[in-house]
Structures are given as structure tokens and as C-alpha cells.
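Structural overview for review
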Amino acid sequence: MSVIGIDTSNYTTSIAFFDGTGGENCSRLLPVKQGELGLRQSDAVFAHIKSLPELSGRLFSHIHKEEITAVGVSTRPRAVEGSYMPCFLVGYSHAKLLSDTLGVPLVEVSHQQGHVAASLWSAGHMELMEQPHLAWHLSGGTTELLLVEPEGKNVKCTKIGGTTDISAGQLIDRTGQLLQLPFPSGKHLDALSREAGLTEFFRVKCDRMYFSLSGVQNKVQQFHGAHPEPAETAAYALRCVAGAVCLATEQALKTYPGLRVVFSGGVASNSMLREITAPLNPVFSQPQFSTDNAMGVAVLAHRATEG
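Cut-offs applied
- Residues numbered from 1 in each chain as written.
- Predicted model: local features only at pLDDT ≥ 70, side-chain atom pairs only at ≥ 80, totals over all residues.
- Heavy atoms only, no water.
- Pairing = 2+ DSSP bridges.
- Helix = DSSP H or I, 4+ residues; strand = E, 2+ residues; numbered from the N terminus.
- Axes fitted to C-alpha atoms, helices over the stretch in contact; angles between N-to-C directions.
- Contact = heavy atoms within 4.5 Å.
- Right-handed = clockwise from strand over helix to strand, strands pointing away.
- Phe/Tyr/Trp six-rings, centres within 6.5 Å; stacked < 30°, edge-to-face > 60°.
- Buried < 20%, exposed > 50% of the residue type's maximum accessible area, 1.4 Å probe, protein only.

1. Focus on the sheet that holds strand β3 (residues 23–29)
- Pairing is mixed in the open sheet, where five strands are placed in the order β3-β2-β1-β4-β5. Taken across any chain shown, the strands that pair with only one partner, and hence form the sheet edges, are β3 and β5 (106–110). The sheet shows a mean angle of 15° between the axes of neighbouring strands, direction not considered.
- Relative to β3, strand β2 (residues 12–18) runs antiparallel, the two sharing seven bridges. If you follow A16 over to β3, its bridge partner there is N25.
- In the packing of helix α2 (residues 88–102) onto the sheet, contacts are made with β1 (2–8), β4 (68–76) and β5, and the angle to β4 comes to roughly 160°.
- Against the sheet, helix α3 (residues 111–123) makes contact with β1, β2, β4 and β5, and its axis sits at roughly 95° relative to β5, the strand it touches most.

2. Some points on the pairing of β5
- Across five bridges, β4 lies against β5 in parallel orientation. Opposite G72, over in β5, you have V107 as the bridge partner.
- In this fold, β4 hands off to α2, which returns the chain to β5; that crossover is right-handed.

3. A look at the packing of aromatic side chains
- Scanning the entire structure with this criterion turns up six aromatic pairs.
- Relative to F284, the ring of F263 has its centre 4.5 Å away and its plane inclined at 10°; by these criteria the two rings are stacked. On the criterion of sequence distance, the pair formed by F263 in strand β11 (residues 261–264) and F284 in strand β12 (residues 283–284) is long-range, its members being 21 residues apart. Grouping residues by exposure puts F263 and F284 together as buried.
- An aromatic cluster of at least three residues, connected via ring pairs, comprises F18, W121 and F289.

Function cannot be read off these values alone, since they describe shape.
Okay, here's the thing in C-alpha cells:
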């Protein structure tokens, strides 16, 4: 059996094919003008409407529709009451039409659940879908530490920590704006940081697995004023984020000893974060499945409908 997964997040349009073992993800970043830090929802919706048919056509050009037994789609950011963003309606409309046309089940999941599933699948740790574990969802709009527990063929994600204000992705993108880098800035800061020689960073206070990153933005600006080299500022910002995440994780492991720690979301593709958290023996997805993608949605749809 094979399935299709669709995810239309605030920054990426994606559609994926999954056959239970492997698959393919077709995606495209939404266009953001130079110097801006994101999109209005109306602009995101319009961009998805333009991109999804083309990406769908690209995928279906070499797979057979007769093989498809289910269609999965992310319909909201999180699987909690009141979680909603208009951009997910584009993916739902496309997925509903596709499932009705093919006469196959439609499986609805959350964007966050898709991120967790994509990380576990790409890292080769699908056994954790059946076990409680900790997971970070680190992206442009989210910095949440989750207790993840099995729930049928899916997972239940309960927030237990993370940021109390701006997300790690927002701090990274604002640092990128300071350095006049393209949006989103994560991969650009990552590349720059490898050229840095300094190791200075601001130690973020963490209280019961929660921390604030809004003050770090001021620290980054001050640091950049004293050290104008872009590579040093990039590394400083990333060390601050990674340090806060690492400290919150250490606190969580005292409360939930023995659980594995999984990293998902676009920020999780950062090499410095992977290096600093290495002593925690974390599970990281392959970088291409850390960013927003439909593969995790497809994996969940396959699990929900397999015999």
C-alpha cells in the first residue's frame, strides 16, 4: 500500500509519497521579500494555491494513482483545542478532493505530529512511536518541548517546556535580518557560524524547562556592535539558542529519566545545536526532513490505514 501526504505550513508547500519503506517529498518555500520576516496568512494561502498543483503534478508524473490507498493531510498546527491557521485549509481542500476522486480514506493529523513522525522515520527510530519520549519542535514559529506518548497509530504531544515569548526560529531570523541574510536565515547562519573563532555566549535562564529568548535578541545586537564580523554574531546567536535548549532538556530528563530525546523542526537541522546536545544522545532527523515537509504526514497516514 502507498499513501500521499500533504502539508501547507506558513513557510512551505509540500506533498509526499510513502510506500511503507521509502518515499519522496516535493516541497517549495513560500516567497518572502528580502528584508522581511515572514508572510501574512493571506499571502501564504495564495502562495500555497499557486504551488500545490504544480508540486502535485510533479509527484504524480512518475507514480501510479492506482497504488494510492490513502491520503493524509495536516489540518492544524497542533492537535489541541483552538489550534488553527488558514494556510492549512489549502492542503485540506487539495487532499479532500484527491481522496474523493481516488475513493480512498482521508487521514487528518496536525503539523506538529507530522514533524515528530518525519524525524523518527528519517532517523530510523520508528520504535519510539510506540514508546513515551521527549521531543523538541523547533521552527520559525514554535519552540516547544513535548512529552510524546503513543495514541493509537498516532502520537499525543503534551507541551512541558520551551520558550515563553519569541521562538528560536524568530531569534535566528531576526539575527539574519541584522546580518542582511535571506529569509529564512537558519541555513545561512549555520554556514556562517562554522567560520567563527570565538566561543562567547549568553547563558539563558531556564526555570522548570521554560525560558525566554526576547532578551537574547538585545544581547545579539550588543554582541554584533562589539564584534561586527557576521560569522561571530551568527555563532553567538546559535550558541545562545542551543544552550537554552540543552539546559531545558537536562531539566526535563530529571523529571522524565530514561526517555529518549527527539529533535524536529527546521531549527533542528542546525549543526551547532546537534554538536552541543550530543552528550544527551538525542535523535535527530535527516536535515531535509527537519524542515517543514509532508513526509511525516504520509508516514502517519500509512500507519493509520495499514492492515
